[in-house]
Structures are given as C-alpha cells and as structure tokens.
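Architecture and fold: a report
Single-letter residue listing:
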Amino acid sequence: MRVKLKGRFPVYEGFAAAAPGTEALVEGELRGLGLIGIETFPGGVSFQGSALDLCRVNLQSRVAARVLVRVARFNAGGWREFERRIGRVEWDKWLPKGEAVRVKAVAAKTKMNHTGRLEELVLAAIHAQLGEVAEPAGAAKGDKGTKPPLTVYLRVRREKVTVSVDTSGEHLHRRGYRTHAGDAPLRENLAAACLLSLGYDGSKPLVDPCCGSGTFAVEAAFIATNTAPGLLRGFAFERLPLFDPEGWEGLRKEAEAARVLASAPIFSSDIDPEAVALAARAAQAAGVGESVQVAQLAMEELDYAEMEQGGGGFLIANPPYGLRLKGEARAYSALRRMIGGQFSSWRWGVIVCLKREAASFPVEGQQSLRFVGAGLPLEFRTGGAPE
C-alpha cells in the first residue's frame, strides 16, 4: 500500500519474506539499507520505502526469500463483503494489462477457508478491470518460451484480509548464475544466512572442506567482494506499473561500482571431482572466480595453516547427511578432528541433520539456525573462537 507521501514520491509498504529463523538477519539487512517502518514477524519483515527501495531490497538482500508489496488490507466477515472489497482495489495501479496473473491464497481461522474460491474471486476482480488474466498452461509447466505469470498473494486470517503483489518473481535464492546445482544443494539465501550468523565478513580466510557445488564459497565471495546477489538476474518488478527503468539502472550501476577485491582467501574443496568441477564453474559464472580457490582433496589431506595469517579464520561445512548421500559418518569424524586440531583457533559452523549421525556433532556447538533441506530437519551449529 502507498502509506504516505514523502516529498513527491509515494512510499510503499513492503514485506521481505524470510525462512523461519532468519528473520533477524533480514531485519539487519533492511536497517543497513536505511529503510523505515521496520517490523519483524514470524516469516518475514515489513518495511516502508519508495518503489526503488523495493527494487533495492530485491537486489541487495542475501537472506530474504522474496519481496512483496502490500496492495490492500481490509476486514471481510463473509464472501459477499470480500467480493465487494476485493473489487474496489485499484488493480491498474499494481498490475499491467495483458500479463498473465496467478493468485495464491492461504486462509486460517475463518469461515472463508475455501482457498480456491478466494483465488477465483481475486482473479475475477482483476479481470473486471484489466481484462483476461488467465495463467497460460505453458507458464505453469516452466515453458521457457512463456513469461511466468505475475503473482498476487492473498492472506485471510479471521476477518482480516491482506493482499500483496510479488515483486521478485523467482525465489531470491536463485541468483541467476547456476545451471546445475548437483546433489543435495543448499539454497543460496540459507547459505548466506549461515555465513552471516557465523560472523563472516570477508576479512579473514574461509575454508569449506566439503564444498559440493560451491554454494558457500560463492556466497562468501559475494560478501567478501560486496557483490549484490541480484546483479545477474531479472525480477518481476520490471513488469509492474511502479517500475522506474532509469532508477533501476542507476541502482545496478551503483551496485557494480561498490564491488571490491576480496581481502582474504576463500578455499573450497571436495573429494568428488564432479562436485569440484561444479563449484569451479559456479564461481566463474557468478563472476567471483578470481576470489575462490577450488581443489579436489579429501578432508584428511587438508592443511590450511599457511592461510591463517596470524588471525584465525572461518571453517564452514555442509557435509553429506541423511539418506540422500553416503559418507556421513566419515565426514563428521573428519570435521571433529579438524575442529579439534589445526582449526582449533578458528570459528566454525557446520550443518547437521537432527535425525542422523550428525545429531551427535560437538555438543559445545551453539545452535544458530534451524531450517529444512531435502525434506530433513537441519541445524547450523557454530563454535570455536569468538567472533
């Protein structure tokens, strides 16, 4: 919603959706961007800003899942009132004509709990103002020749209705550089959340001894080089009426100019040659190939003493766990030895699966984040030297 006027620029209400447990990190990012009206809820952080601020959050947030703009809020005690109120929304201010639109509704503690009917009523209201908005069949199936539909999110809880338009498009973990992620990939925004919760800022060396497809290494390089994670991709807001092409181009140039050289090594390795190839390819495609070193090594072969530079560093790992990959016990045993040996003066962070061997990983580790990956309950544990 355009909540007030600041000079001649309307100020919108945005919402940065966040994976459970990462809300505080997203709040910190929004404060760092100088946004106002920040309020944190389970599942995300609301804020106020200009249309360009909505674009900026999409471009700069490492942790958020997507960015919504609030379109309307109202109370509706029943279907007739809902239909009347949703029809009053000025859809032409939020959605373009001639574009496919889909609606995703959730409902709780309300007699209007038929989400299919809610979605139909919203689509009917949009259609009444903008014309045909039916979702093309190819878009739902990921047809590369068809633009994906724009998305309206509807939330009904008791009598309170919240209507939002998605400004992101694809989930923000999709940075735009990766074509293949390999086995058991970790979402990029969760990898960034782990790095930030570990205290990594690029000023000290970072080692990932079981790098897989290189997600930790690339996200670390983005942090170390001050690279905006959204520079390589497109967004849904580029198709919305609020979009300012010149302002957006200015934001992109500003982000490009803010990039710096990494000041400390980022080293990733894996015993699997295919994983090493994927990690190297990902770093190059992401534009951080010069900042990331990749090698095919078993964890037992690693020796990073020369990288310490007298001030320690960061060890981070997402080892194989659960039923998805083999070698779980060996990987965690090797990590225990590393943490108690040559990396004893380093800060460490390791993802563990709460249902498997990993659940016994060093009890002195502190729980930083909990999330779900590959359908398994995961926890990011940290420990070692103080941040």
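This write-up is about the structure you can find in this document.

Rules used in this analysis
Residues numbered from 1 in each chain as written. Predicted model: local features only at pLDDT ≥ 70, side-chain atom pairs only at ≥ 80, totals over all residues. Heavy atoms only, no water. Salt bridge = Lys/Arg side-chain N within 4 Å of Asp/Glu carboxyl O. Helix = DSSP H or I, 4+ residues; strand = E, 2+ residues; numbered from the N terminus. Buried < 20%, exposed > 50% of the residue type's maximum accessible area, 1.4 Å probe, protein only. Phe/Tyr/Trp six-rings, centres within 6.5 Å; stacked < 30°, edge-to-face > 60°. Axes fitted to C-alpha atoms, helices over the stretch in contact; angles between N-to-C directions. Left-handed = near helix turned anticlockwise from the far one by under 90°. Contact = heavy atoms within 4.5 Å. Nonpolar A, V, L, I, M, F, W, Y, C, P; charged D, E, K, R; others polar. Core = buried A, V, L, I, M, F, W, Y, C linked by side-chain atoms within 4.5 Å. Pairing = 2+ DSSP bridges. Polar contact = N/O pair within 3.5 Å; in protein donor to acceptor, adjacent residues only side chain to side chain.

Glancing now at the pattern of salt bridges. For side chains of opposite charge, pairing can occur when their charged atoms come near one another. Applying the stated rule across the entire model yields 16 salt bridges. Among the salt bridges present, the one from Arg 66 reaches Asp 166, with a minimum N-O distance of 3.0 Å. Taken together, the positions of Arg 66 in strand β5 (residues 66-75) and Asp 166 in strand β8 (residues 160-166) put the pair 100 residues apart, joining distant regions of the chain. Comparing Arg 66 with Asp 166, the two get one shared label, buried. A salt bridge links Glu 300 to Arg 330; the shortest N-O distance between them is 3.6 Å. Of the two residues, Glu 300 sits in the loop between β11 (292-296) and β12 (314-317) while Arg 330 sits in helix α10 (residues 328-340), which places them 30 residues apart along the sequence. Overall, Glu 300 belongs to the partly exposed group, its relative accessible area being 45%. Take Arg 330: its relative accessible area is 38%, and that puts it in the partly exposed class.

What follows covers the packing of aromatic side chains. Within the structure shown, the criterion is met by 9 aromatic pairs. Judged by centre distance (5.6 Å) and plane angle (90 degrees), the ring pair of Tyr 200 and Phe 314 falls under edge-to-face. Taken as a pair, Tyr 200 in the loop between α6 (188-198) and β9 (206-208) and Phe 314 in strand β12 lie far apart in primary sequence, 114 residues in all. For the residue pair Tyr 200 and Phe 314, the accessibility class agrees, reading buried in each case.

Burial of helix α2 (residues 51-60) is extensive: 7 of the 10 residues sit out of reach of the surface. Among all positions of α2, only Ala 51, Asp 53, Leu 54, Cys 55, Val 57, Asn 58 and Leu 59 are buried.

We now examine the packing of α2 against helix α8 (residues 245-257). Orientation of α2 relative to α8, taken along the N-to-C sense of each, is 35 degrees, at an axis distance of 10 Å. Like other packed secondary-structure pairs, α2 and α8 cross with a definite hand, here right-handed. Between α2, through Leu 52, Cys 55, Arg 56, Leu 59 and Gln 60, and α8, the contact on the second element is made entirely by Gly 247, Trp 248, Leu 251, Glu 254 and Ala 255. Within the contact of α2 with α8, the residues separate by chemical class into 6 nonpolar, 2 polar and 2 charged.

All right, on to the environment of Phe 343 then. Tracing the chain through its elements places Phe 343 in the loop between α10 and β13 (347-353). On the accessibility criterion, Phe 343 (2% relative accessible area) is buried.

Here the focus is the nonpolar core. If you look at the biggest cluster of nonpolar residues, it comprises 92 residues, and the most contacted ones within it are Phe 82, Trp 91, Leu 95, Val 152 and Val 163. Every residue in contact with Trp 91, bar those within four places of it in the chain, is listed here: Val 71, Ile 86, Val 122, Ala 125, Ile 126, Gln 129, Leu 130, Val 152 and Val 163. One finds Cys 210, Ile 339, Val 350 and Phe 361 within the second-largest nonpolar core, a separate group that totals 20 residues.

Next up on the list: α6. The buried count for α6 comes to 10 of 11 residues, which makes it a mostly enclosed element. Taken as a whole, α6 has its buried residues at Glu 188, Asn 189, Leu 190, Ala 191, Ala 192, Ala 193, Cys 194, Leu 195, Ser 197 and Leu 198. Backbone geometry just after α6 places Gly 199 at a positive phi near 95 degrees.

The next point concerns the sheet that holds β12. Read across the open sheet, the 7 strands follow the order β11-β10-β9-β12-β13-β15-β14; overall the sheet is mixed. Each edge of the sheet is formed by a strand with only one pairing partner; in this case those strands are β11 and β14 (366-373). Neighbour-to-neighbour, the strand axes of this sheet turn through a mean angle of 20 degrees, independent of strand direction. Examined bridge by bridge, β14 and strand β15 (residues 376-384) share 7 bridges and lie antiparallel to one another. Bridged to Gln 367 within β15 is Arg 381. Where helix α9 (residues 273-285) meets the sheet, its contacts fall on β10 (266-270) and β11, and the angle it forms with β11 comes to roughly 165 degrees. Sheet strands touched by α10: β12 and β13. Its angle to β13, the strand with the most contacts, is close to 160 degrees.

Further remarks concern the environment of Gly 77. Tracing the backbone shows Gly 77 in the loop between β5 and α3 (79-87). Look at Gly 77 and you get partly exposed, because its relative accessible area is 28%. A sequence separation of 83 residues divides Gly 77 from Lys 160, and the C-alpha atoms of the two residues are 8.5 Å apart. When neighbours within four sequence positions are excluded, Gly 77 is seen to be in contact with Lys 111 and Glu 159.

Turning our eyes to something else, we now look at the side chain of His 171. Relative to the elements of secondary structure, His 171 occurs in the loop between β8 and α6. For His 171, the side chain forms a polar contact with the side chain of His 173, separated by 2.8 Å. Beyond its immediate chain neighbours, meaning those up to four positions away, His 171 contacts Ala 65, Arg 66, Arg 187, Asn 189 and Arg 233.

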